[in-house]
Amino acid sequence: RWSKDGQRIAFSSTRGQKGNLDIFVMNADGSNLIRMTDHPSNEQGPVWAADGQSLFFTGERDGRGEIYRVWLSDKRVDRITNGINRSIMPAVSPDGRYLAYAAQTIMSFQVHVLDFTNGQTIQATSGGGACRPSFAPDSQEMAFVRMTTGREPSSLEAVRVNGSRVIHKHSRMWS
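Residues numbered from 1 in each chain as written. Predicted model: local features only at pLDDT ≥ 70, side-chain atom pairs only at ≥ 80, totals over all residues. Heavy atoms only, no water.

All right, on to the nonpolar core then. Judged by nonpolar contacts, Ala91, Tyr98, Ala100, Val111, Val113, Ala124, Ala130, Phe135, Met142, Phe144 and Val159 together constitute the single largest core of 11 residues. Contributions of two or more residues to this core are made by strand E9 (98-104), strand E10 (109-115), strand E12 (129-135) and strand E13 (141-147). Look past the residues within four positions of alanine 91 in its chain and what remains in contact with it is Val47, Tyr98, Leu99, Ala100, Pro133, Ser134 and Phe135. (Core = buried A, V, L, I, M, F, W, Y, C linked by side-chain atoms within 4.5 Å. Buried < 20%, exposed > 50% of the residue type's maximum accessible area, 1.4 Å probe, protein only. Helix = DSSP H or I, 4+ residues; strand = E, 2+ residues; numbered from the N terminus. Contact = heavy atoms within 4.5 Å.)

Our focus in this paragraph is the pattern of salt bridges. The full count for this structure, using the stated rule, is 11 salt bridges. The partner of aspartate 62 in a salt bridge is arginine 79, with the nearest N and O atoms 2.2 Å apart. With aspartate 62 in the loop between strand E5 (54-59) and strand E6 (66-71) and arginine 79 in strand E7 (residues 77-79), this residue pair connects regions lying 17 residues apart in the sequence. Since its relative accessible area comes to 43%, aspartate 62 is described here as partly exposed. For the salt bridge of arginine 64 with glutamate 66, the shortest nitrogen-to-oxygen distance reads 3.2 Å. Since its relative accessible area comes to 0%, glutamate 66 is described here as buried. Counted as one network, the salt bridges with shared partners bring together Asp62, Arg64, Glu66 and Arg79. (Salt bridge = Lys/Arg side-chain N within 4 Å of Asp/Glu carboxyl O.)

This part takes up the sheet that holds E6. Spatially, E4-E5-E6-E7 is the arrangement adopted by the four strands of the open sheet, whose pairing is antiparallel. Only two strands of the sheet have a single partner each, and these edge strands are strand E4 (43-48) and E7. Each strand axis lies, on average, 30° off the axis of its neighbour in the sheet, ignoring direction. Across three bridges, E6 lies against E7 in antiparallel orientation. By the bridge assignment, tyrosine 68 is partnered in E7 with arginine 79. (Pairing = 2+ DSSP bridges. Axes fitted to C-alpha atoms, helices over the stretch in contact; angles between N-to-C directions.)

Another aspect to go through is the environment of methionine 142. With respect to the element layout, methionine 142 can be found in strand E13. Residues methionine 142 and alanine 91 lie 51 residues apart in sequence; the distance between their C-alpha atoms is 9.7 Å. When neighbours within four sequence positions are excluded, methionine 142 is seen to be in contact with Ala100, Val111, Val113, Ala124, Pro133, Ser134, Phe135, Glu157, Ala158 and Val159.

As summarised here, the arrangement of the three strands in space is E1-E2-E3, forming an open sheet in which the pairing is antiparallel. The open sheet has two edge strands, strand E1 (8-13) and strand E3 (34-35), and neither has a second partner.

This part takes up the packing of aromatic side chains. Following the criterion strictly, the structure yields four aromatic pairs and no others. Seen from their ring centres, phenylalanine 11 and phenylalanine 24 are 5.7 Å apart, and the 15° between their planes marks the pair as stacked. Of this pair, phenylalanine 11 sits in strand E1 while phenylalanine 24 sits in strand E2 (residues 22-27), and the two are 13 residues apart along the sequence. Pairing tyrosine 98 with phenylalanine 135 gives two aromatic rings, centres 6.3 Å apart and planes at 15°, and the pair type is stacked. (Phe/Tyr/Trp six-rings, centres within 6.5 Å; stacked < 30°, edge-to-face > 60°.)

All right, on to the side chain of serine 41 then. Tracing the chain through its elements places serine 41 in the loop between E3 and E4. Polar contacts involving the side chain of serine 41 include one to the main-chain amide nitrogen of arginine 61, which spans 3.4 Å. What serine 41 contacts, discounting residues up to four positions off in sequence, is Asn20, Leu21, Asp22, Glu60 and Arg61. (Polar contact = N/O pair within 3.5 Å; in protein donor to acceptor, adjacent residues only side chain to side chain.)

This is the structure:
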């Protein structure tokens, strides 16, 4: 993932000696490679915080996916989610207020949104499975993939961050 200013790239790699995925950051020209995490579990899918000072990622430190944050200044890692099931695929709103992610519920994954201003988390989607959240530039809408079962293709949908209504639903993504 490119940083907002285009100067750095964050990525997961097995280039460590343990063979598991860790988080790395480097300059856009490939220089200044820094290993941000060094944990025996897989850590992947880094996304930049809006201010560029940290990265959010999925880590399996407790045997299942949870969302963590690593600070570029000191490599400190904070756990963000702590659910019964997995939390994966983090996405940060451009204004830095929200963190969306796919959280496993009893039957499927649903997109949840954490509001950093008040610490509250809401489930922004329901019915069927939902994953891969991505925020609009204004941080008020979010697109996601609606997973389907059977012969129906997955669809791309968008909702307001508060989950109030579906803005667009496209049932055939590719043909």
